[in-house]
Amino acid sequence: KMRVGILISGRGSNMVAISEYKRRDPTRPYEIALVASNVPEARGLVAARRLGLKTWAMSHRGMERSDFDRHLDAALREAGVELIALAGYMRLLSDEFVDSWEARILNIHPSLLPLYKGLDTHRRALIAGDEYGGCSVHVVTRDLDAGPVIAQARVRIQARDDPDSLAARVLEEEHKLYPIALEQYVIALRGETANG
Ligand code: GAR
């Protein structure tokens, strides 16, 4: 099974969704080898431990980005991680890190990319008067939120929506989309390896 490392900075609800998806059917082609965080007090770490998952945490404060990423990289490799899933990991990754995990990092972003890269996506969708909000799973490249999109889900925006209400409905879609997109990506990667 492909060993997946999940990176979180906060609540970790997408990490839990991925874990539950695997738990419902243990034959899924991946296993969660590590949940890692740059925020030692992240709520998601508590949830991960409760789920029996291995965790690693180190604060990035006062550290050069590249130094922190070297520690992170060492922890992931030590755990035998082969594929990384960013799940509310709110820190930019260094070019060196991204390059050394080329095509091996996925991210979920709460917008219909290429719209609204970066932060405050739901507010921006509402201000623009968009008909739909949504979420995207994409492959991580050096440029923020700009790598190839592999899956998307749309959510219709309602007249009474505010950023929080829209975020909540999009999050439900994230929880359905991310586990499936991750699984499909694992299967695609395996196919590539098998074909040399
Ligand atoms: C999710 O909505 C995710 O799409 C978003 O943060 C939230 C994390 O929630 N990610 C980003 O904004 C990345 N720039 P979670 O910790 O409960 O999974």
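For clarity, every value in this text was computed on a predicted model and none was experimentally measured.

Asks: Can you tell me about the pattern of salt bridges, naming the residues and giving the values?
Replies: Inspection of the entire model under this criterion finds 11 salt bridges. Here D99 ties to R142 by a salt bridge, and the two come within 2.5 Å at their closest N and O atoms. Here the residue D99 occupies a position in helix α4 (residues 95-100), and R142 occupies one in the loop between β6 (132-139) and β7 (149-156), the gap between them amounting to 43 residues. Of the residues examined, R142 reaches a relative accessible area of 49% and is grouped as partly exposed.

Asks: Tell me what's going on with helix α3 (residues 65-78), and back it up with residues and numbers.
Replies: End to end, α3 covers 20 Å across 14 residues, agreeing with the expected 20 Å (1.5 Å per residue, within 8%). Within the span of α3, buried status applies to F68, D69, L72, D73, A75 and L76. The buried residues of α3 occupy one face: seen down the axis, they fall within an arc of 165 degrees. When the buried face of α3 is taken as reference, the exposed residues oriented beyond 90 degrees from it are R70 and E78.

Asks: Mind laying out the site of the ligand, listing which residues take part and the relevant values?
Replies: Contacts to the ligand come from R11, G12, S13, N14, G88, M90, I108, H109, P110, L171 and E174. R11 has a polar side-chain atom sitting 2.6 Å from an oxygen atom of the ligand. For the ligand, an oxygen atom lies 2.5 Å from a polar atom in the side chain of S13. Elements represented by at least two residues in the shell around the ligand include exactly α1 (13-24), β5 (105-109) and α6 (163-194).

Asks: Describe in detail the environment of L177, supporting the description with residues and values.
Replies: Looking at where L177 falls in the secondary structure, it is placed in helix α6. Taking the C-alpha atoms as reference points, L177 and L7, 170 residues apart in sequence, are found 17 Å from one another. Not counting chain neighbours up to four residues away, the residues in contact with L177 comprise C135, V137, A151, Q152 and A153.

Asks: So what about the nonpolar core? Which residues, and what values?
Replies: Formed by 39 residues in total, the largest nonpolar core has its most connected members in I6, M15, V35, L83, V137, Y178 and L182. It is α6 that contributes the most residues to this core, nine residues altogether. Among residues more than four places away in sequence, those in contact with Y178 are N14, I18, A85, L86, A87, L106, N107, I108 and V137. L7, V81, F97 and V98 belong to the second-largest nonpolar core, a separate cluster that totals 20 residues.

Asks: Describe the environment of A125, listing the residues and the values that go with them.
Replies: With respect to the element layout, A125 can be found in helix α5 (residues 121-127). Residues A125 and A33 lie 92 residues apart in sequence; the distance between their C-alpha atoms is 35 Å.

Asks: Explain the UniProt feature "site: Raises pKa of active site His" (unreviewed entry) in the chain to me, using residue names and the numbers behind them.
Replies: UniProt's feature table lists "site: Raises pKa of active site His" (unreviewed entry) at D145, given in the numbering used throughout. The topology assignment puts D145 in the loop between β6 and β7. On the basis of relative accessibility, which here comes to 8%, the residue D145 falls in the buried class. Dropping the residues within four chain positions of it, D145 is found in contact with N107, H109, L113, K117, G118 and H138. At a separation of 2.8 Å, a polar atom in the side chain of D145 contacts the main-chain amide nitrogen of G118.

The rules we used
- Starting from 1, residues in each chain are numbered consecutively following that chain's sequence as written.
- Side-chain atom pairs in this predicted model are given and counted only at pLDDT of 80 or more, local residue features only at pLDDT of at least 70, and totals for whole chains, interfaces and linings cover all residues.
- To obtain the side-chain values, all non-hydrogen atoms of the structure were used and water was disregarded.
- Salt bridge, as used here, is a side-chain nitrogen of Lys or Arg placed within 4 Å of a carboxyl oxygen of Asp or Glu.
- Elements are defined by DSSP. Helices are runs of H or I of four residues or more, strands are runs of E of two residues or more, and each kind is numbered from the N terminus.
- Buried, partly exposed and exposed residues are distinguished by accessible area as a fraction of the type maximum, computed with a 1.4 Å probe on protein chains only: under 20%, between the cut-offs, and over 50%, respectively.
- To estimate the expected span of a helix, count its residues, drop one, and scale the result by 1.5 Å.
- What the arc describes is the spread of directions from the helix axis to the C-beta atoms.
- Only heavy atoms are used to decide nearness, and a residue is near a molecule or strand if one of them lies within 4 Å of it.
- Side-chain atoms alone can form a polar contact between residues adjacent in sequence; in general such a contact is a pair of N or O atoms within 3.5 Å, and within protein one must be able to donate a hydrogen while the other accepts it.
- Throughout, a contact is declared for two residues whenever any of their heavy atoms are within 4.5 Å.
- The definition of a nonpolar core used throughout is a set of buried Ala, Val, Leu, Ile, Met, Phe, Trp, Tyr and Cys residues joined through side-chain atoms within 4.5 Å.
- UniProt positions are given in the numbering used here, feature names are shortened, and annotations may be inferred rather than shown by experiment.

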